[in-house]
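Examining the three-dimensional arrangement
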Amino acid sequence: MSMFDRIKDQAKGLQQSRGGARSGSQGSTGSGGGSKAQLVSMFKSQLSSMKTELKSGAYRDATMAVCALVAAADGHVHPAERERMESMIMTNDVLQNFPPEQLRQRFTKHLDRLTVDFHAGKAEALQEIAKAKKKAAEARAVIQTGFVIAGADGHIDPAEQQVLREACSALGLPPSEFGI
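Small disclaimer: the values here were computed from a predicted structure and weren't measured.

Attention now goes to the overall build of the chain. Counting its regular elements, the chain contains eight helices and zero strands. Helices and strands in the chain line up, N terminus first, as α-α-α-α-α-α-α-α. Residues counted as buried form 46% of the 180 residues belonging to the chain. When the accessible surface of the chain is summed, it comes to about 8500 Å², and 52% of that surface belongs to carbon and sulfur atoms.

This paragraph deals with the confidence of the model for the chain. Per-residue confidence for the chain averages 81 on the pLDDT scale, and 81% of its residues sit at or above 70. Element-level pLDDT for the chain is lowest in helix α1 (residues 3-19), with a mean of 46, against a maximum mean of 96 in helix α6 (residues 118-130). Within the model, pLDDT remains below 50 along residues 1-6, and this stretch shows eight contacts once partners closer than five positions in the same chain are excluded.

Another aspect to go through is the pattern of salt bridges. Applying the stated criterion across every chain, the model contains ten salt bridges. Measuring nitrogen to oxygen at the nearest pair gives 2.9 Å for the salt bridge that ties glutamate 124 to arginine 113. Taken as a pair, glutamate 124 in helix α6 and arginine 113 in helix α5 (residues 100-116) lie far apart in primary sequence, eleven residues in all. Judged by its relative accessible area of 35%, glutamate 124 is partly exposed. Using a relative accessible area of 30% as the deciding quantity, one classes arginine 113 as partly exposed. One connected set of salt bridges, linked through shared partners, spans Arg60, Asp61 and Arg106.

In this section: the nonpolar core. In this structure, Tyr59, Ile89, Phe107 and Ile129 are the most contacted members of the largest nonpolar core, which totals 53 residues. Those elements that place two or more of their residues in this core are α2 (33-49), α3 (57-71), α4 (79-91), α5, α6, α7 (136-150) and α8 (158-171). If one sorts the elements of this core by residue count, α3 sits on top with ten residues. Not counting residues up to four positions away in its chain, the partners in contact with tyrosine 59 are Leu47, Leu54, Val94, Leu95, Phe98, Glu138, Ala141, Val142 and Thr145.

Describing an aromatic ring pair means giving the distance of the ring centres and the angle of the ring planes. Taken as a whole and assessed by the stated rule, the structure comprises three aromatic pairs. Clustering of aromatic rings is evident, with ring pairs tying together Phe43, Phe147 and Phe178.

Here we come to α7. Helix length check: α7, at 15 residues, gives a terminal C-alpha distance of 21 Å against a target of 21 Å (1.5 Å per residue), a fit within 8%. Within α7, 13 of the 15 residues are buried, which leaves it mostly tucked inside the rest of the structure.

Quick look at α6 now. Helical geometry note: an α-helix holds 3.6 residues per turn, so side chains three or four residues apart project in the same direction. An ideal rise of 1.5 Å per residue puts 18 Å on 13 residues; α6 measures up with 18 Å between its terminal C-alpha atoms. For α6, every residue scored as buried is listed here: Phe118, Gly121, Lys122, Ala125, Leu126, Glu128 and Ile129. Taken around the axis of α6, the buried residues stretch over an arc of 155°, which confines them to a single face. Facing away from the buried surface of α6 by more than 90 degrees, the exposed residues are His119 and Gln127. Residues of α6 that are buried sit in contact with α3, α5, α7 and α8.

This part is about the environment of arginine 106. Structurally, arginine 106 is set in helix α5. A distance of 2.7 Å separates polar atoms of two side chains, one belonging to arginine 106 and the other to aspartate 61.

The N-to-C vectors of α3 and α7 enclose an angle of 35°; their axes lie 9 Å apart at closest approach. Note on packing geometry: the crossing formed by α3 with α7 is right-handed. Counted together, Ala58, Tyr59, Ala62, Thr63, Val66, Cys67 and Val70 of α3 and Glu138, Ala141, Val142, Thr145, Gly146, Ile149 and Ala150 of α7 form the full contact between these two elements. For the contact of α3 with α7, the per-class residue count stands at ten nonpolar, three polar and one charged.

What counts as what
- Residues numbered from 1 in each chain as written.
- Predicted model: local features only at pLDDT ≥ 70, side-chain atom pairs only at ≥ 80, totals over all residues.
- Heavy atoms only, no water.
- Helix = DSSP H or I, 4+ residues; strand = E, 2+ residues; numbered from the N terminus.
- Buried < 20%, exposed > 50% of the residue type's maximum accessible area, 1.4 Å probe, protein only.
- Areas by Shrake-Rupley, 256 points an atom, 1.4 Å probe, with all protein chains shown as cover.
- pLDDT = per-residue confidence, 0-100.
- Contact = heavy atoms within 4.5 Å.
- Salt bridge = Lys/Arg side-chain N within 4 Å of Asp/Glu carboxyl O.
- Core = buried A, V, L, I, M, F, W, Y, C linked by side-chain atoms within 4.5 Å.
- Phe/Tyr/Trp six-rings, centres within 6.5 Å; stacked < 30°, edge-to-face > 60°.
- Expected span 1.5 Å × (residues − 1).
- Arc of directions from axis to C-beta.
- Polar contact = N/O pair within 3.5 Å; in protein donor to acceptor, adjacent residues only side chain to side chain.
- Axes fitted to C-alpha atoms, helices over the stretch in contact; angles between N-to-C directions.
- Left-handed = near helix turned anticlockwise from the far one by under 90°.
- Nonpolar A, V, L, I, M, F, W, Y, C, P; charged D, E, K, R; others polar.

As structure tokens, this is what we get:
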């Protein structure tokens, strides 16, 4: 059984324990904070266990694009939110694999583009995210990292969930796998 099969089994077990044994009831948890907080915690530990594998430029670039989308999800980028996101990126365990300046530069590039023209910036970010599609493990890690960053403030807004769903689509992953 591969690592991702085990992770998917863990996620299914979490979904089932939250919403009953029937897969159709996974939406019953709604946007309640408890289930999202548990998912964020689970994704953090899964990412940490994969840290040594997540060193490619495609993962780095796609993750910075998804973080920028999360930061600008509501169509606005507030300076305080930009600083908070940048701080979370710089202190994220898995992202320590990359020089901080590389991360900052890529995150800022996407955020600036989203600020100038949200729709064009979003299209560019999704194109960048799609480049991580080749390796399933990295593709999932991009979404998990975006989820962890989005959930760091204790909740995931509907707009943040929407951009994470769009990132899943760009990567060919079902959003339901991530509880969104």
